Amino acid sequence: MQYGFFFDALKCTGCETCVDACCQQCGTTRSTACRTVTRYEGGVWEEAADGTCSTTLFTYYLSLSCHHCSAPPCVDACPSHAKFKNVGTGVVTADPSKCVGCGACASACPYGAPKHDPVRRCTYVCDACAGALGTHPEPACVSACPEHALAFDDIDKLRAAHGSLAAVPPLPAPDLTQPNLVLNMAPAMMSSFMRKAPASSAAVR
């Protein structure tokens, strides 16, 4: 089985309750949290010859963590073999006893999912609260979301229910790592960034 995350941008308000739950569960700080919330915005106002105006302005949030990719570059990059794919769940997992804190996995990941802590000399990565999966069916971030914008399940079930969209700006093309991620975006969001309007992203803090 391959587990993955579903994120619904139509429900996310950017409150970061998911991040707080992640920090509490993993014992990390905001700077090393395994889940982050990013606001992506862009677009322009355009004036027509008759003086009327139209806009392509848009904004949305993305709540992201490790996507437990089918081709995870972090696993290949780790010199101490501290990162591996769990054979039963497909979840990317870290062995803290092997981690040397070099940050190679963080540098290799195009999503910036592993969080390197140079002070503690270790790297944190979301393992979907694997230690709690036996007694608690959902990762802490999923359970904590007040808007139910997150889900965690067999990726085939998520794709059957919600489609296969796995990349919107500012995320890289999914063929790079084959992320086990499904996104739900409003049609207005899709049409806005498809126009290639000027845009920017910022981590919400």
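For the structure itself, consult the block above.
All values derive from a computational prediction rather than experimental measurement.

Draft legend 1. Summary view of the overall build of the protein chain. Within the protein chain one finds six helices and 12 strands. Residues classed as buried in the protein chain amount to 46% of the 205 residues present.

Draft legend 2. Local environment of the packing of aromatic side chains. Scanning the entire structure with this criterion turns up five aromatic pairs. Look at Tyr3 and Phe152: their rings are 5.1 Å apart centre to centre, the planes differ by 10°, and that puts the pair in the stacked class. Residue Tyr3 is located in strand β1 (residues 3-8), and its partner Phe152 is located in strand β10 (residues 150-154); the two are separated by 149 residues in the primary sequence. Judged by relative accessible area, which is 22%, Tyr3 ranks as partly exposed. Residue classification places Phe152 among the buried residues on the basis of a relative accessible area of 9%. Relative to Phe58, the ring of Tyr40 has its centre 5.9 Å away and its plane inclined at 40°; by these criteria the two rings are tilted. Of this pair, Tyr40 sits in strand β2 (residues 36-42) while Phe58 sits in strand β5 (residues 58-64), and the two are 18 residues apart along the sequence. Phe58 sits in the buried class, given a relative accessible area of 9%. In textbook terms, an aromatic cluster arises when at least three aromatic residues are bridged by ring pairs, as seen for Tyr3, Phe5 and Phe152. Just above the ring of Phe5 sits the side chain of Arg35; from NZ or CZ to the centre is 4.8 Å.

Draft legend 3. Geometry of the pairing of β5. Taking burial as the measure, the seven residues of β5 include five buried ones, the bulk of the element. Note that β2 and β5 share seven bridges and pair antiparallel. Along β5, the bridge assignment pairs Glu41 with Thr59.

Draft legend 4. Representation of the sheet that holds β1 within the structure. Sheet architecture is open: three strands sit in the order β10-β1-β11, paired in mixed fashion. Of all strands in the sheet, those bounded by a partner on one side alone are β10 and β11 (181-184). Each neighbouring strand pair of the sheet contributes to a mean axis angle of 20°, computed without reference to strand direction. By the bridge criterion, five bridges tie β1 to β10 in an arrangement that is antiparallel. Residue pairing in the sheet places Phe5 in a bridge with Phe152 of β10. Running over the sheet, helix α5 (residues 155-162) touches β1, β10 and β11 and is turned about 125° from β10.

Draft legend 5. Up close: the pattern of salt bridges. Within the structure shown, the criterion is met by four salt bridges. Glu16 is the partner of Arg30 in a salt bridge, and the nearest nitrogen-oxygen pair spans 3.3 Å. Note that Arg30 is positioned in the loop between α1 (17-26) and β2 and Glu16 in the loop between β1 and α1, a separation of 14 residues in sequence. On the basis of relative accessibility, which here comes to 30%, the residue Arg30 falls in the partly exposed class. Among the ionic pairs, Asp117 bridges to Arg120, the shortest N-O distance being 4.0 Å.

Reading the values: rules and limits
Residues numbered from 1 in each chain as written. Predicted model: local features only at pLDDT ≥ 70, side-chain atom pairs only at ≥ 80, totals over all residues. Heavy atoms only, no water. Helix = DSSP H or I, 4+ residues; strand = E, 2+ residues; numbered from the N terminus. Buried < 20%, exposed > 50% of the residue type's maximum accessible area, 1.4 Å probe, protein only. Phe/Tyr/Trp six-rings, centres within 6.5 Å; stacked < 30°, edge-to-face > 60°. Lys NZ or Arg CZ within 6 Å of the ring centre and 35° of its normal. Pairing = 2+ DSSP bridges. Axes fitted to C-alpha atoms, helices over the stretch in contact; angles between N-to-C directions. Contact = heavy atoms within 4.5 Å. Salt bridge = Lys/Arg side-chain N within 4 Å of Asp/Glu carboxyl O.

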